[in-house]
Amino acid sequence: MEKFRANGKFLLTGEYLVLQGALALALPLKLGQSLEVNTLNINNGVIHWDAFTPKGFWFSAMLNKSDLTVRASDDMGKAEMLSKIFQVIKSLNPNILQEDCDYSFTTHLEFDKEWGLGSSSTLISCLSQWANVNPYEVLRQTMGGSGYDIACATASTPILYRLEIGNPIVEETDFKPEFSDKLFFVYQNHKQSSGKEVKSFKERLKTNDFSREIREISVMSDVLSGPCLAGFDDFCAIMERHEEIMGNCLGQSPLKNQFKDFQGVIKSLGAWGGDFFLAATKLPETEVRRYFEEKGLTTVFRFDEMVI
């Protein structure tokens, strides 16, 4: 048996603009996904795939080992994407799946699949580790995206991430704020389609390159990760300005407008409109949880519960 694992992710700064070269601050998470690979004592030309979440069985598929097409599945959409990922990996490393046997792949997601913490990026990372191929290239040929989530998948600290002529530049950083007890991650109870939101953002790029915004966001990422960050109030001011900038870029209202009576700052994470957001506040944890529970948002994590 071979075992592999990848971390989930949060993007604290640079959402959308990271695609255009902005410096982003990304946070690898304690929750992720694991992969187990076994060879079987039979040779029917089959790859068996079984996926599990914390709630139990998720989906299964059988792929033909010869051409990596789908033989059977209880979710053809997921199975076709899995087939595509395998085909790309095989093209990058033709030496995989050469033994005269069937293979069994089993994944265990450590978080709710609706949370948007990187079920796809952790899958690509795990399979790329197994096949010893470049995960950024697998991502490029399958789902696309900036690749910050791929960087987080194997990172052991928060990272600064940017694209330079399309190539990922990753730098480890020591983002462990002394006020982390004032930072919370809250789930909005619905998953957002990152692909759909990115497509909409790219339409806006046709009339504005956002060069000024990219520079300002990059400076924010740098300040947050370095010794220039003065403290909690400074952090909150940066988060508020970041929301203002991205709201203008996206033509959307900042999320805080939905929580106007909240005593603190609300910062979107990743694609606007879904998944998790950051709540920064001086309120005690019990009051934070009570406030959001009254809004129907019961999934709340402390910073140190989530971030590596």
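Residues numbered from 1 in each chain as written. Predicted model: local features only at pLDDT ≥ 70, side-chain atom pairs only at ≥ 80, totals over all residues. Heavy atoms only, no water.

Draft legend 1. How the structure looks around helix α2 (residues 119–131). The terminal C-alpha atoms of α2, which comprises 13 residues, lie 18 Å apart, in line with the 18 Å expected from a rise of 1.5 Å per residue. With 11 of its 13 residues buried, α2 lies for the most part within the structure. Taken residue by residue, α2 has S119, S121, T122, L123, I124, S125, C126, L127, S128, W130 and A131 as its buried positions. The first or second residue beyond α2 is N132, which carries a positive phi of 60°. (Helix = DSSP H or I, 4+ residues; strand = E, 2+ residues; numbered from the N terminus. Expected span 1.5 Å × (residues − 1). Buried < 20%, exposed > 50% of the residue type's maximum accessible area, 1.4 Å probe, protein only.)

Draft legend 2. Geometry of the layout of surface pockets. If you add up the space inside the second largest pocket, you get close to 210 Å³. Along the walls of the second largest pocket sit 14 residues, with Y136, R140, G145, G166 and P168 positioned nearest its centre. Counting residues per element, the ones that place at least two in the lining of the second largest pocket are α3 (135–141), β7 (159–164) and β8 (167–172). Here the lining of the second largest pocket takes four residues from α3, the largest share from any one element. For the lining of the second largest pocket, the class distribution of residues is five nonpolar, seven polar and two charged. (1 Å grid on protein atoms, 1.4 Å probe; cavity = no way out; pocket = protein on both sides within 12 Å on 5 of 7 lines; lining within 4 Å. Points joined across faces, edges and corners; volume = space filled by probe spheres on them. Nonpolar A, V, L, I, M, F, W, Y, C, P; charged D, E, K, R; others polar.)

Draft legend 3. Just the packing of aromatic side chains, in detail. Per the counting criterion, the structure on display carries 26 aromatic pairs. Pairing F185 with F303 gives two aromatic rings, centres 5.9 Å apart and planes at 25°, and the pair type is stacked. A residue pair is termed long-range when its members are at least 10 positions apart, and F185 in strand β9 (residues 183–187) and F303 in helix α9 (residues 303–306) qualify at 118 residues. Across the pair, exposure class does not vary: F185 and F303 are buried alike. For the ring pair F259 and F292, a centre distance of 5.8 Å and an interplane angle of 70° mean the geometry is edge-to-face. A residue pair is termed long-range when its members are at least 10 positions apart, and F259 in the loop between α7 (232–250) and β10 (264–268) and F292 in helix α8 (residues 285–294) qualify at 33 residues. The residues F259 and F292 share a single accessibility class, namely buried. Members of the aromatic cluster, each reached through a chain of ring pairs, are F10, W115, F175, F179, F185, Y187, F232, F235, F276, F301 and F303. (Phe/Tyr/Trp six-rings, centres within 6.5 Å; stacked < 30°, edge-to-face > 60°.)

Draft legend 4. Spotlight on α7. In a regular helix each residue adds 1.5 Å, so 19 residues correspond to 27 Å; α7 covers 27 Å between its end C-alpha atoms and thus fits that length. Here α7 has its buried residues at F232, F235, C236, I238, M239, H242, E243, I245, M246, G247, C249 and L250. G251 sits one or two residues past α7 and shows a positive phi near 70°.

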